[in-house]
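Here is what each chain is made of, one letter per residue.
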Amino acid sequence: MSTTTADIFSRLARDYADETPLRLKVIDTYMVFCVAVGLAQFAYCLLVGTFPYNAFLAGFGSAVACFVFAANLRIKTNAKNASQFTGTAESAFAEFVFCHITLHFIVANFLG
């Protein structure tokens, strides 16, 4: 059975659209946004320079940390992983919010 790359990607997109719950799609969209923000900050750093270097580090680190927190939230709220975690989706979201608040206090402190 020979399949082309286009067939593989079209099936992947179709299965993702059909089988992934809306909650996980929203988290995936946020993760793509975090990657885009990190890439935009890195491109700005390459093109313009790193004059306020601590601002670049804080912003880029924040984008990476937000991605990691979202990945954790996605793993914990995925129904297929329910046997590996004891908490509920609401407790996972509370952890996500707490980590974000803590992260942004650290980032604001790092900026000076």
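Residues numbered from 1 in each chain as written. Predicted model: local features only at pLDDT ≥ 70, side-chain atom pairs only at ≥ 80, totals over all residues. Heavy atoms only, no water.

### With respect to the overall build of the protein chain
For step 1, the next point in the chain: The helix and strand tally for the protein chain stands at 4 helices and 0 strands.
For step 2, the next point in the chain: Counting from the amino terminus, the protein chain carries its helices and strands in the arrangement α-α-α-α.
For step 3, the next point in the chain: A compact globule built from 112 residues would reach a C-alpha radius of gyration of about 13 Å, whereas the protein chain, at 18 Å, exceeds it by more than 25%.
For step 4, the next point in the chain: By its C-alpha atoms, the protein chain is 55 × 40 × 20 Å across when sized along the principal axes.
For step 5, the next point in the chain: Counting all 112 residues of the protein chain, 23% fall into the buried class. (Helix = DSSP H or I, 4+ residues; strand = E, 2+ residues; numbered from the N terminus. Rg over C-alpha atoms; globule rule 2.2 N^0.38 Å. Buried < 20%, exposed > 50% of the residue type's maximum accessible area, 1.4 Å probe, protein only.)

### Side note on the packing of aromatic side chains
For step 1, the next point in the chain: Applying the stated criterion to the full structure yields 5 aromatic pairs.
For step 2, the next point in the chain: Ring centres of Tyr30 and Phe96 lie 6.1 Å apart, and the angle between their planes is 85°; this geometry places the pair in the edge-to-face category. A residue pair is termed long-range when its members are at least 10 positions apart, and Tyr30 in helix H2 (residues 22–48) and Phe96 in helix H4 (residues 89–111) qualify at 66 residues.
For step 3, the next point in the chain: On the numbers, 6.1 Å between centres and 40° between planes, the contact of Tyr53 with Phe56 is tilted. Of this pair, Tyr53 and Phe56 both sit in helix H3 (residues 53–77), 3 residues apart, which is roughly one turn of the helix.
For step 4, the next point in the chain: Among the aromatic residues, those joined into a ring-pair cluster are Phe42, Tyr53, Phe56 and Phe60. (Phe/Tyr/Trp six-rings, centres within 6.5 Å; stacked < 30°, edge-to-face > 60°.)

### Examining the UniProt feature "transmembrane region" (unreviewed entry) in the protein chain
For step 1, the next point in the chain: If you check UniProt for "transmembrane region" (unreviewed entry), the listed places come out as residues 30–49 and 55–73 in our numbering.
For step 2, the next point in the chain: The distance separating the terminal C-alpha atoms of residues 30–49 is 27 Å; by composition the span is 95% helix and 0% strand.
For step 3, the next point in the chain: Secondary structure across residues 55–73 divides into 100% helix and 0% strand, with the first and last C-alpha atoms of the span separated by 27 Å. (UniProt positions renumbered as here; feature names shortened; annotations may be inferred.)

### What about H4?
For step 1, the next point in the chain: If you check H4, its first and last C-alpha atoms are 33 Å apart, about what 23 residues at 1.5 Å a residue would give, namely 33 Å.
For step 2, the next point in the chain: If you check which residues of H4 are buried, you get Ala89, Ala92, Phe96, His100, Leu103 and Val107.
For step 3, the next point in the chain: Where H4 is buried, its residues contact H2 and H3. (Expected span 1.5 Å × (residues − 1). Contact = heavy atoms within 4.5 Å.)

### Focus on the pattern of salt bridges
For step 1, the next point in the chain: Considering all chains together, one arrives at 3 salt bridges under this definition.
For step 2, the next point in the chain: Between Asp15 and Arg11 there is a salt bridge; the shortest N-O distance is 3.5 Å. With Asp15 and Arg11 both in helix H1 (residues 5–19) and 4 residues apart, this pair spans about one turn of that helix.
For step 3, the next point in the chain: Classification of Asp15 by relative accessible area gives partly exposed; the value is 26%.
For step 4, the next point in the chain: For Arg11, a relative accessible area of 52% translates into the label exposed. (Salt bridge = Lys/Arg side-chain N within 4 Å of Asp/Glu carboxyl O.)

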